[in-house]
Amino acid sequence: MRYQVTIKDSGRHFEVESDKPVLEAALAQGMGLPYGCQSGNCGACRAKLISGSVHYAEKPDALSDIELRQGYTLLCQALAQSDLVLEVEELPQHHAIKVRNLPARVAKRERLSHDVMALYLQLPTGTPFEFLAGQYIDILLADGRRRSFSLACPPAGDGQVLELHLRHVPHGQFTDYVFNQMPDRALLRIEGPLGNFYLRESNRPAILIGGGTGFAPLKGMLEQAFLRRLSRPLHLYCGVRAKRDLYMHALARQWQRAHPQFRYTPVLSEAMPEDAWAGRSGLVHEVVAADYPSLIDHEVYMSGPPAMIQAG
């Protein structure tokens, strides 16, 4: 069955097959709707269902029972059962940025912590790769599977080197390969840019909250803001377990010295005695709530494990 989906505020519409997720159909037809992981974990594609009905193969992790009762849906997992009317933010047409499938040469690997590796990918010269700082790419594996990683760098034009941050997943096939077996100058294939996670044009103060390697897209967004000399206040919170998990700590402290509009707050949830930690402790979202009881006049950007995003 084929159904029509209408965006309430603009009246724009598109069609979706009953066996295809609503978001997939929207993107294929050039609709600028928000999305992130496309796996039901991050909640970026949340929308209010004004009329119509949808169902899910499995209930998405990022959608609570309360939100379901309130009529919210996750477009990346929702399958239409009728015509739909949605209340959802429409994004600027940065979707004019073309998603590309390209080869990429591993230029360098750099160990950032005991379990995080920076992977630097050199793109072919003469092949511009446009993206917005904060978006992500997929690495296409030989068996057809994909691995998604946020871009930890701002756009730099023709022939640029892309920076990714990979956390070693125990028994993870791809991260085991990167950490232990990948040869120098290995050739990979990538697809992107993907996602709608990027710093919006605004003068409002921004709070950026990263958990673990969720720091990666925030790094790209902040470096882009610094390059553009944006004057808006920017406050970065990095939440990790122990001090050894706090990677690129010196770089963030350097940003704070160099940019008066920028603040940096690292937070440890399970500091070890040897850390001798005198900084903020606890869950990062609770520390943010203590510092900012009201977020009405702020923009908040969160990136990290699904549990952190849901708690925030």
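Everything numeric here is computed off the predicted structure, so don't read it as measured data.

Engineer: Summarise the side chain of Asn 196; cite the residues concerned and give the values.
Structural biologist: Tracing the sequence through the fold places Asn 196 in the loop between β13 (187–194) and β14 (206–211). Only 2.3 Å separates the side chain of Asn 196 from the backbone oxygen of Leu 33, close enough to count as a polar contact.

Engineer: Would you mind going over the sheet that holds strand β11 (residues 146–150) in detail, with residue names and values included?
Structural biologist: In sheet architecture, strand pairing relies on hydrogen bonds along the backbone and comes in two forms, parallel and antiparallel. Read across the open sheet, the six strands follow the order β11-β10-β13-β8-β9-β12; overall the sheet is antiparallel. Taken across any chain shown, the strands that pair with only one partner, and hence form the sheet edges, are β11 and β12 (161–167). Across the sheet, the axes of successive neighbouring strands diverge by a mean angle of 40 degrees, strand direction being ignored. Packed onto the sheet, helix α3 (residues 173–181) meets β8 (100–111), β9 (116–122), β10 (136–140), β11 and β12 and runs at close to 110 degrees relative to β12.

Engineer: Residues and numbers for empty space enclosed by the protein, please.
Structural biologist: Throughout the structure, instances matching the rule amount to one cavity of 30 Å³ or more. Quantified by volume, the largest cavity comes out at close to 50 Å³. At the level of secondary structure, the elements contributing two or more residues to the lining of the largest cavity comprise β14 and β15 (234–240). When residues in the lining of the largest cavity are grouped by element, the largest group, three residues, is from β15.

Engineer: Give a description of α3 that names residues and reports values.
Structural biologist: Phe 174, Thr 175, Val 178 and Phe 179 are the residues of α3 that are buried. Within α3, the buried residues cover an arc of 120 degrees as seen down the axis, which keeps them to one side. Along α3, the residues that are exposed and aim more than 90 degrees away from the buried face are Gln 173, Asn 180 and Gln 181. Check the buried side of α3 and you find it contacts β8, β9, β10, β11 and β12.

Engineer: I'd love a proper account of the pattern of salt bridges, names of residues and values included.
Structural biologist: Under the criterion given, the structure shown has 16 salt bridges. A salt bridge links Lys 59 to Asp 65; the nearest nitrogen and oxygen atoms lie 4.0 Å apart. The exposure class assigned to Lys 59 is partly exposed, which follows from its relative accessible area of 43%. Note on Asp 65: relative accessible area 46%, which makes it partly exposed. Its salt-bridge partner being Glu 201, residue Arg 228 comes within 3.1 Å of it at the nearest N-O pair. Placement of the pair is Arg 228 in the loop between α4 (215–227) and β15 and Glu 201 in the loop between β13 and β14, with a sequence separation of 27 residues. Residue Arg 228 is classed as partly exposed on the basis of its relative accessible area, which comes to 43%. By sharing partners, the salt bridges in this structure join Arg 2, Glu 15 and Glu 17 into a single network.

Engineer: For the sheet that holds strand β1 (residues 2–7), give the residues involved together with the corresponding values.
Structural biologist: The five strands lie next to each other as β2-β1-β7-β3-β5, forming an open sheet whose pairing is mixed. Two strands close off the open sheet at either side, each with one partner strand: β2 (13–17) and β5 (72–74). Pairwise comparison of adjacent strand axes, ignoring direction, gives a mean angle of 40 degrees for this sheet.

Engineer: Describe the packing of aromatic side chains, naming the residues involved and giving the relevant values.
Structural biologist: Under the definition given, this model contains nine aromatic pairs. Ring geometry for Phe 226 against Phe 262: centres 5.6 Å apart, planes inclined by 85 degrees, an arrangement best described as edge-to-face. On the criterion of sequence distance, the pair formed by Phe 226 in helix α4 and Phe 262 in strand β16 (residues 262–268) is long-range, its members being 36 residues apart. A relative accessible area of 12% means that Phe 226 is categorised as buried. Assessed through its relative accessible area of 2%, Phe 262 is described here as buried. The ring of Tyr 72 is capped by Lys 48, whose NZ or CZ atom sits 5.4 Å from the centre of that ring.

Engineer: Account for the environment of Ala 276, naming residues and giving values.
Structural biologist: Topologically, Ala 276 is positioned in the loop between β16 and β17 (280–281). Using a relative accessible area of 65% as the deciding quantity, one classes Ala 276 as exposed. Along the backbone, Ala 276 and Leu 79 are 197 residues apart, and their C-alpha atoms lie at a distance of 51 Å.

Reading the values: the criteria
Residues numbered from 1 in each chain as written. Predicted model: local features only at pLDDT ≥ 70, side-chain atom pairs only at ≥ 80, totals over all residues. Heavy atoms only, no water. Helix = DSSP H or I, 4+ residues; strand = E, 2+ residues; numbered from the N terminus. Polar contact = N/O pair within 3.5 Å; in protein donor to acceptor, adjacent residues only side chain to side chain. Pairing = 2+ DSSP bridges. Axes fitted to C-alpha atoms, helices over the stretch in contact; angles between N-to-C directions. Contact = heavy atoms within 4.5 Å. 1 Å grid on protein atoms, 1.4 Å probe; cavity = no way out; pocket = protein on both sides within 12 Å on 5 of 7 lines; lining within 4 Å. Points joined across faces, edges and corners; volume = space filled by probe spheres on them. Buried < 20%, exposed > 50% of the residue type's maximum accessible area, 1.4 Å probe, protein only. Arc of directions from axis to C-beta. Salt bridge = Lys/Arg side-chain N within 4 Å of Asp/Glu carboxyl O. Phe/Tyr/Trp six-rings, centres within 6.5 Å; stacked < 30°, edge-to-face > 60°. Lys NZ or Arg CZ within 6 Å of the ring centre and 35° of its normal.

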